[in-house]
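Report on the structure
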Amino acid sequence: MTVKYPEVWDLDVLFPGGSDSAELRVHMDEAGPKLVEFEKLSRNFSVPEKTEDARQVAEVLEAVKDVMLHLRQSGAFIGCLQAQNTEDKKASLLQSESSSLSARFSSALQKIQQDLTKTDDAVWSELMKDEELSEFTFVLNEWRTKAKLLLSEKEENLITALSMDGYHGWSQLYDMLVGEIKVKITVDGEEKVMSVGQANNLSAHADAAVRKESYDKLEEAWTEKEEFFAKTLNSIGGFRLEVYKKRGWENPLQEPLQMNRMEQKTLDAMWSAISKHKQPFVSYLDQKAKLLGKDKLDWYDVDAPVTESTQTFSYQEGAEFILEHFKKFGPELEKFSRNAFEKGWIEAEDRPNKRPGGFCTGLPMTEESRIFMTYSGSMSNVATLAHELGHAFHSYALRPVHQINRSYAMNVAETASTFAEMIVADAAVKNASSTDEKIALLEDKVQRSVAFFMNIHSRFLFETRFYDERKKGVVPASRLNELMEEAQMEGFGGGLKSAHPHFWASKLHFYITNVPFYNFPYTFGYLFSLSVYAKALEEGAGFEEKYMALLRDTAIMTAEDLALKHLGEDITQEAFWEKGIALCVKDAEEFISLTSSTD
Ligand SMILES: [Zn+2]
């Protein structure tokens with residue numbers, strides 16, 4: 001096959017010369033004066049008191065857009081530089097420079113948001129009717145609502161200043177502690193010294209002895225340092241709770257729900273529906289245990305391969321496969337993705353010094369995206385590529401929308417990506433060349449459900465219970481282990497023989513200070529996207545226009561309103577979530593039937 005699509009991305013069209021780029025330097029230097037001007041605007045901003053003040057607010061929004069675009073363009077580019085070469089020291093320096101520019105922007109913006117809370121309610125509703133502002137009603141109202149729940153500007157500034165060392169510092173310490181851990185594991189008769197990331201990758205190793213050894217060695221390492229991790233987690237949780245208390249926020253879920261623009265009853269309905277339908281996935285885990293010659297799965301068996309997927313695709317073939325199946329869904333997605341492949345928006349080459357994992361980042365000034373991953377030819381690589389193209393398509397769908405109206409939350413962020421991934425994963429199962437191949441691909445799908453319905457659920461249960469106990473005092477490591485084990489046993493619905501008690505120490509997500517409850521939005525996104533997908537299957541190719549309209553609204557609506565308007569669904573009801581779960585149950589059942597007949 002001829003090479004049509006480059007495997008290395010084109011960054012030079014953005015700023016030529018990588019981290020040495022003179023154009024980038026100019027761009028970064030321009031940010032300074034832009035910020036000084038914005039800070040001045042922020043200082044001089046006066047509380048809107050009459051309808052004529054709409055002009056002032058509209059001007060501020062334009063300034064916000066201008067600075068935001070500028071900072072995001074370079075920020076995204078620098079992120080790409082760091083990912084493509086982890087040894088690029090200059091890129092790391094640029095990264096710190098970029099972070100401090102963003103921090104200045106945020107605090108100047110926060111002052112404006114606080115000012116908006118002081119406007120009288122009656123004046124505010126008049127302002128929102130102004131033709132210059134009506135487009136931004138959702139975002140402006142949200143700014144005001146959020147700022148109203150905060151302490152005074154002076155107090156919030158103090159919290160922000162103190163949180164650098166007193167809060168975020170703990171998160172950085174966590175990264176250092178984990179980075180220090182090295183474990184010795186024997187693979188193929190050879191003892192290897194591994195980092196946590198490398199050892200974690202062995203969880204999917206075909207040899208049970210290797211899986212168990214890596215699990216045991218890691219547990220040992222976590223146990224050895226458990227008091228350090230417990231101190232770190234208690235400090236992060238304690239700081240957060242103290243700030244919440246000062247602001248008068250009782251419920252630790254208030255902030256994460258607000259960030260995801262969703263209601264508590266929606267979250268409750270989701271977990272309740274999931275809890276009621278765990279059995280098919282427990283049966284899947286039991287079947288898997290049987291295939292591995294066990295009566296019940298241990299934690300370190302959950303990711304074990306039952307059968308190896310052997311089918312491989314060259315990058316060109318993978319790209320063609322994606323385009324072929326995207327086309328069946330809609331012309332825009334196919335056209336957009338073909339352009340991304342051809343124009344060098346994708347970095348896929350398998351070479352050293354690249355960051356692990358995949359991401360998609362947006363360059364708002366040039367209205368482009370860049371996708372990063374390492375492609376080694378497996379079907380799961382093809383699915384990842386489709387996933388990231390889905391993210392890029394989301395940005396594309398938002399192009400007609402004003403920049404202020406493009407910031408969507410984590411729970412809906414995974415809609416377009418999961419959707420695109422589903423198109424490809426389903427097609428792969430249908431096109432499987434053998435039963436073994438089909439089983440492997442199907443299991444890939446079921447594993448996602450296990451991750452979102454069981455593993456993530458257990459993280460949510462743990463975090464909720466941790467806060468409950470943390471409110472009363474420090475939670476010692478031994479108790480954290482108990483809480484984690486209980487949460488996992490419950491989250492997996494009795495499908496496990498043994499849990500992973502130190503999971504709370506091993507999972508980075510519990511230590512991300514900027515995003516509390518870095519768990520439930522994943523499950524939300526997965527199920528939400530499944531129901532969009534079900535609708536697409538029902539309606540055929542004509543659905544694409546509606547789909548793009550849904551994506552365009554993701555940043556200017558609550559999750560509840562978005563679902564009601566575009567899917568006609570009430571997501572505060574369990575029935576909505578059950579429909580998505582039912583699709584996943586089918587996969588679990590098919591897996592069980594396929595693997596039973598080959599017994
Ligand atoms: Zn994603």
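Cut-offs used in this document
Residues numbered from 1 in each chain as written. Predicted model: local features only at pLDDT ≥ 70, side-chain atom pairs only at ≥ 80, totals over all residues. Heavy atoms only, no water. Core = buried A, V, L, I, M, F, W, Y, C linked by side-chain atoms within 4.5 Å. Buried < 20%, exposed > 50% of the residue type's maximum accessible area, 1.4 Å probe, protein only. Helix = DSSP H or I, 4+ residues; strand = E, 2+ residues; numbered from the N terminus. Contact = heavy atoms within 4.5 Å. Pairing = 2+ DSSP bridges. Axes fitted to C-alpha atoms, helices over the stretch in contact; angles between N-to-C directions. Parallel < 35°, antiparallel > 145°, perpendicular 65-115°, else oblique. Left-handed = near helix turned anticlockwise from the far one by under 90°. Nonpolar A, V, L, I, M, F, W, Y, C, P; charged D, E, K, R; others polar.

On to the nonpolar core, then. One finds Phe229, Phe341, Phe453, Phe462, Trp504 and Phe520 to be the most contacted residues of the largest nonpolar core, which totals 135 residues. In terms of residue count, the dominant contributor to this core is helix α17 (residues 435-470) (14 residues). Sequence-distant contacts of phenylalanine 229, that is, excluding residues within four places in its chain, are made with Tyr174, Leu177, Val178, Ile181, Trp222, Trp504, Ala505 and Tyr511.

Pairing between sheet strands relies on hydrogen bonds along the backbone, with the strands arranged either parallel or antiparallel. Here three strands make up an open sheet; going across it, the order is β4-β6-β5 and the pairing mixed. Two strands in the sheet have a free side with no partner beyond their single neighbour: β4 (346-347) and β5 (359-363). Note that β4 and strand β6 (residues 368-372) share two bridges and pair parallel. For glutamate 347, the partnering residue across the bridge sits in β6 and is phenylalanine 372.

Before going further, it helps to spend a moment on the packing of helix α13 (residues 315-329) against helix α14 (residues 331-342). Across the interface, α13 lies against α14 with an axial gap of 8 Å and an inter-helix angle of 160°. The angle between α13 and α14 falls in the class roughly antiparallel. Remark: the crossing between α13 and α14 carries left-handed chirality. Along its contact with α13, which presents Tyr315, Ala319, Ile322, Leu323, Phe326, Lys327 and Phe329, the element α14 presents Leu333, Glu334, Ser337, Arg338 and Phe341. Within the contact of α13 with α14, the residues separate by chemical class into eight nonpolar, one polar and three charged.

Okay, the pairing of strand β1 (residues 182-187) next. Burial along β1 is one-sided: the face carrying Val183, Ile185 and Val187 is buried and the face carrying Lys182, Lys184 and Thr186 is not. Direction of pairing for β1 relative to strand β2 (residues 190-195): antiparallel, over a ladder of six bridges. What sits directly across from valine 187, in β2, is glutamate 190.

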